[in-house]
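Chains, contacts and geometry: an overview
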Amino acid sequence: MSTLTISILITLVIILFVVIIFAAAITKGYSYKHTIDQLDDNPYLKNEDKDDEREEGKERS
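As a starting point, this report considers the structure included with it. (Residues numbered from 1 in each chain as written. Predicted model: local features only at pLDDT ≥ 70, side-chain atom pairs only at ≥ 80, totals over all residues. Heavy atoms only, no water.)

As for the overall build of the protein
Per the secondary structure count, the protein includes two helices and zero strands. For the protein, with 61 residues in total, the buried portion stands at 0%. As displayed, the protein offers around 6,300 Å² of accessible surface, 63% of which is attributable to carbon and sulfur atoms. (Helix = DSSP H or I, 4+ residues; strand = E, 2+ residues; numbered from the N terminus. Buried < 20%, exposed > 50% of the residue type's maximum accessible area, 1.4 Å probe, protein only. Areas by Shrake-Rupley, 256 points an atom, 1.4 Å probe, with all protein chains shown as cover.)

Here is the structure:
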């Protein structure tokens, strides 16, 4: 085998390895179950409600 053939084979093996790792990472990412926090546990929502009440009070005055 010539040096060129060996280089091409090594390159193809590396490319195949990268493609397999990439496909595994994509598959794992899509299989991850995303969760959403309940609105009751969200401290920012409570702060927004207080800010809205302050703005409504200013508009009434």
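Some words on the environment of Thr 11
Here Thr 11 shows up in helix α1 (residues 3-31). In terms of polar contacts, Thr 11 uses its side chain to reach the backbone carbonyl oxygen of Ser 7, at 2.7 Å. (Polar contact = N/O pair within 3.5 Å; in protein donor to acceptor, adjacent residues only side chain to side chain.)

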